[in-house]
Amino acid sequence: MITYQSVHVDSDSETLTAKLHEFHDAILRDHTHIIRVACALYEEKTDYLKTFIHSTRDGHAITAYQAKLSEVPSLNALAEHQECRVIDNVQLEIKPGTEHSDWLLDQGYVSSFTVPIYHHNRLIGFLFLDSDKSNAFSEQTQRQLLVKCNQIAEVVSCEVATARLLIATASAIRNVAGLRDFETGMHLTRMAEFSKLIAQNMPAKYGLNDEIIEHIYLFAPLHDIGKIGIPDAILLKKGKLTDEERQIMQAHVTKGVTIADQILENFGLLDLKTARIMRNIIACHHEYMDGSGYPKGVKGDEVPVEARIVTVADIFDALTHERPYKKPWSIPDALAELRKMVDLGKLDENCVNALASSMNDARFIVKEYNDS
Ligand SMILES: [Fe+2]
Ligand SMILES: [Fe+2]
């Protein structure tokens, strides 16, 4: 039987987080006082700058944090002018008042160096290097660090560009195929948002860091890509499906995996760790924890956590929104239904708890991305 292995940052040496740790080691050889290197990712579509990867030797990392770039004037200016910034005395120059600056002041970092990074002239994000010494970033140090920063930027850009390429390819296929039922539009946006919300609130033992969460967020909307291979007569049928039609419909999972593998093979990306997140989501988003799902009937830990998260997000969205065969349910009713499915052994209780613990955000997503 094929098993699906979840991507785990601690054990996967090829994740960006692991690569950043290597870069940090190299930086520490010459600059022992640089105790943190982090990269925040910029999403043009939403204007959000989000925590992404970090290597923190001292202090507590800030994670699951995002802010609109346009609302952070200092960074916005750096991005616009393609300039780096040195802060020689963090405690004097940074004003408290935002979650990020309060955190920065708390850590006791004394000086910092910020570098915007680009890919083909488009802003990808920022690198932050922090030191426990004042005036740690002389011009000579900056020049030396910029070489390393460029290497990190190259690796991050390449990975981000790859994920975007996969998504763009999948969307192009979907558009060409005219997949136009309820799976389009806001459902996909909400799926991404609910999946991120759940992932961010999962217990620490799952090891879901910002890097993995970002990829779950990016790839969640591809879960049903295989539906492009299902005839409209079945895909759009209003009434109940016959047994035979249901079987054809369920084949969207294996068709999706075939499409994903073809894309990955064409681009030579079959070995890419983060692409495994995409594949796992597509392959296992209808599997249940008790083995009663399809297509393989894998169960428990064999169902990758990224798929369990997307499954809960998908069901929650289906329940809370109108579908050709049903009216939208209230959020409490939908949550009660998810709990029922946990009791039956189908859904991961941690995923449902994670969603339940962030109901205000869930309500916001339902309201913000409604279908009308
Ligand atoms: Fe599906
Ligand atoms: Fe869906």
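Residues numbered from 1 in each chain as written. Chains lettered and ligands numbered in written order. Predicted model: local features only at pLDDT ≥ 70, side-chain atom pairs only at ≥ 80, totals over all residues. Heavy atoms only, no water.

(A) Spotlight on the overall build of the chain. Counting secondary structure elements, the chain contains 15 helices and six strands. Taking 2.2 N^0.38 as the reference for a compact globule, 372 residues should give roughly 21 Å; the C-alpha atoms of the chain span a radius of gyration of 22 Å, in line with that estimate. Projecting the C-alpha coordinates of the chain onto the three principal axes gives extents of approximately 70 × 45 × 35 Å. In the chain, buried positions account for 52% of the 372 residues. If you take every contact in the chain between residues at least 6 apart in sequence, the share linking residues at least 24 apart comes to 66%. When the accessible surface of the chain is split by element, carbon and sulfur atoms take 50% of a total near 17,500 Å². (Helix = DSSP H or I, 4+ residues; strand = E, 2+ residues; numbered from the N terminus. Rg over C-alpha atoms; globule rule 2.2 N^0.38 Å. Buried < 20%, exposed > 50% of the residue type's maximum accessible area, 1.4 Å probe, protein only. Contact = heavy atoms within 4.5 Å. Areas by Shrake-Rupley, 256 points an atom, 1.4 Å probe, with all protein chains shown as cover.)

(B) Focus on the coordination of the iron ion (ligand 1). Summarising the metal site, the iron ion (ligand 1) is bound by the protein donors Asp-224 (OD), His-252 (NE2), His-285 (NE2) and His-286 (NE2), whose distances to it range over 2.0 to 2.2 Å. In the primary structure, the donors to the iron ion (ligand 1) are separated according to the pattern D-x27-H-x32-H-H. A separation of 5.4 Å is found between the iron ion (ligand 1) and the iron ion (ligand 2). Linking His-252 in helix H10 (residues 252-266) with His-285 in the loop between helix H11 (273-284) and helix H12 (305-320), this pair joins segments that are 33 residues apart in sequence. Since its relative accessible area comes to 1%, His-252 is described here as buried. (Donors = N, O, S within 2.8 Å, 3.2 Å for Na, K, Ca; no water.)

(C) A look at the packing of helix H6 (residues 186-200) against helix H7 (residues 210-219). Where H6 contacts H7, the two axes come as close as 8 Å, and the packing angle between them is 155 degrees. With respect to each other, H6 and H7 are oriented roughly antiparallel. Classified by chirality, the crossing of H7 by H6 is right-handed. Packed against H6, whose contacting residues are Ala-192, Glu-193, Ser-195, Lys-196, Ala-199 and Gln-200, the element H7 presents Ile-213, Ile-216 and Tyr-217 at the interface. (Axes fitted to C-alpha atoms, helices over the stretch in contact; angles between N-to-C directions. Parallel < 35°, antiparallel > 145°, perpendicular 65-115°, else oblique. Left-handed = near helix turned anticlockwise from the far one by under 90°.)

(D) Layout of H6. Given a rise of 1.5 Å per residue, 15 residues ought to cover 21 Å, and the 21 Å separating the end C-alpha atoms of H6 matches this to within 8%. Within H6, 12 of the 15 residues are buried, leaving the element largely enclosed by the surrounding structure. Residues of H6 that are buried include every one of His-187, Leu-188, Arg-190, Met-191, Ala-192, Glu-193, Phe-194, Ser-195, Lys-196, Leu-197, Ile-198 and Ala-199, and no others. (Expected span 1.5 Å × (residues − 1).)

(E) Highlighting the environment of Arg-339. Here Arg-339 shows up in helix H13 (residues 331-343). The class of Arg-339 is partly exposed, set by a relative accessible area of 35%. Separated by 233 residues in the primary sequence, Arg-339 and Asp-106 have C-alpha atoms spaced 39 Å apart. If we skip the residues at most four places from it in the chain, Arg-339 touches Val-352, Asn-353 and Ala-356.

(F) Local environment of the pairing of strand S5 (residues 111-119). Of all nine residues in S5, seven are buried; the element is thus mostly enclosed. In the sheet, strand S4 (residues 85-87) pairs with S5 via three bridges, with the strands oriented antiparallel. From the neighbouring strand, Ile-87 faces S5, where its bridge partner is Ser-112. As judged from the nine bridges shared by S5 and strand S6 (residues 122-131), these two strands associate in the antiparallel manner. (Pairing = 2+ DSSP bridges.)

(G) Geometry of the side chain of Asp-130. Structurally, Asp-130 can be placed in strand S6. Setting aside residues no more than four positions away along its own chain, Asp-130 makes contact with His-33, Ile-34, Ile-35, Arg-36, Leu-104, Tyr-109, Ser-111, Ser-112 and Phe-137.

(H) Inspection of the domain arrangement of the chain at higher detail. Domain boundaries in the chain define domain 1 (16-159) and domain 2 (178-368). Distance between the C-alpha centres of domain 1 and domain 2: 33 Å. Taken together, the contact between domain 1 and domain 2 spans 13 residues of the former and 10 residues of the latter. Between domain 1 and domain 2, roughly 900 Å² of surface is buried when both sides are summed, and carbon and sulfur atoms account for 40% of that area. At the junction of domain 1 and domain 2, the tally comes to one salt bridge. On inspection of domain 1 and its partner domain 2, the count reaches 10 residue pairs in polar contact (both at pLDDT 80 or more). No other element matches the four residues that strand S2 (residues 48-56) contributes to the side of domain 1 that touches domain 2. Among the residues making up the side of domain 1 that touches domain 2, the classes are represented as six nonpolar, four polar and three charged. (Domains from an automatic or database assignment. Buried area = accessible area lost by both parts, 1.4 Å probe. Salt bridge = Lys/Arg side-chain N within 4 Å of Asp/Glu carboxyl O. Polar contact = N/O pair within 3.5 Å; in protein donor to acceptor, adjacent residues only side chain to side chain. Nonpolar A, V, L, I, M, F, W, Y, C, P; charged D, E, K, R; others polar.)

(I) Region of interest: the packing of aromatic side chains. Within the structure shown, the criterion is met by four aromatic pairs. Just above the ring of Tyr-48 sits the side chain of Lys-68; from NZ or CZ to the centre is 4.9 Å. Residue placement shows Lys-196 over the ring face of Tyr-217; its charged tip is 4.4 Å from the ring centre. (Phe/Tyr/Trp six-rings, centres within 6.5 Å; stacked < 30°, edge-to-face > 60°. Lys NZ or Arg CZ within 6 Å of the ring centre and 35° of its normal.)

(J) Representation of helix H14 (residues 349-356) in the model. Those residues of H14 lying buried are Cys-351, Val-352, Ala-354 and Leu-355. Buried residues along H14 cover an arc of 155 degrees about the axis, so they all sit on one side. Packing partners of the buried residues in H14 comprise H6, H12, H13 and helix H15 (359-368). Capping the start of H14, Asp-348 holds a side-chain oxygen 2.8 Å from the backbone nitrogen of Asn-350, two or three residues further along. (Arc of directions from axis to C-beta.)

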